[in-house]
Amino acid sequence: MKSDRLAHDLLDWNRRHLLHDAVLSEAVIGEKFAPAFTVCANGRVHPATHANYLDFLNGFRATIAAIDYAVHRTVTEEASTVLAMTATIRRIDGSIERFEAMLLLAFDADGLVTLWHEVYLRTG
């Protein structure tokens, strides 16, 4: 599968699984992420596994009622894709946060994420 399709499928996965009441496990993370991968977020680099990413995501999603993405542009080269997008998070208390983001995703031969490199800015 082409990496641009994999990237958009990953955003759909996020919409389903990054909610406070969604079932999330190491096995579910393994549907989209390689056993070992790298997360870079606003200059911080984190080596990740299914186990430590589950711990992180459980904290991240604890108050998320809905998450959505408006992708403005997609650039693909071989096994990587860059998405320019606006992310909108609705919290369980009804508040809304918006972020402008550039997300670089790299995939292995099995279509699993090996790199999540994101730069984001809260805009609302």
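Here we summarise the structure given alongside this text.

Looking now at the environment of Tyr69. As for its position among the elements, Tyr69 is in strand β3 (residues 64-77). With 61 residues separating them along the chain, Tyr69 and His8 place their C-alpha atoms 9.7 Å apart. The residues touching Tyr69, leaving out its near neighbours within four places in the chain, are Leu11, Asn14, Arg15, Leu18, Met85, Thr86 and Ala87. Reaching out from Tyr69, the side chain makes a polar contact with the side chain of Asn14 at a distance of 3.0 Å.

Mapped onto the elements, Arg98 comes out in strand β5 (residues 96-107). Sequence spacing of Arg98 and Leu121 is 23 residues, and the spatial spacing of their C-alpha atoms is 8.5 Å. Not counting residues up to four positions away in its chain, the partners in contact with Arg98 are Ala87, Thr88, Leu121, Arg122, Thr123 and Gly124.

Right, let's get into helix α3 (residues 50-60). Inspection of α3 places His50, Tyr53, Leu54 and Leu57 among the buried residues, and these make up the whole buried set. With its buried residues spanning 105° around the axis, α3 presents them on a single face. Away from the buried face of α3 by more than 90 degrees, exposed residues Asp55 and Gly59 are located.

Conventions used here
Residues numbered from 1 in each chain as written. Predicted model: local features only at pLDDT ≥ 70, side-chain atom pairs only at ≥ 80, totals over all residues. Heavy atoms only, no water. Helix = DSSP H or I, 4+ residues; strand = E, 2+ residues; numbered from the N terminus. Contact = heavy atoms within 4.5 Å. Polar contact = N/O pair within 3.5 Å; in protein donor to acceptor, adjacent residues only side chain to side chain. Buried < 20%, exposed > 50% of the residue type's maximum accessible area, 1.4 Å probe, protein only. Arc of directions from axis to C-beta.

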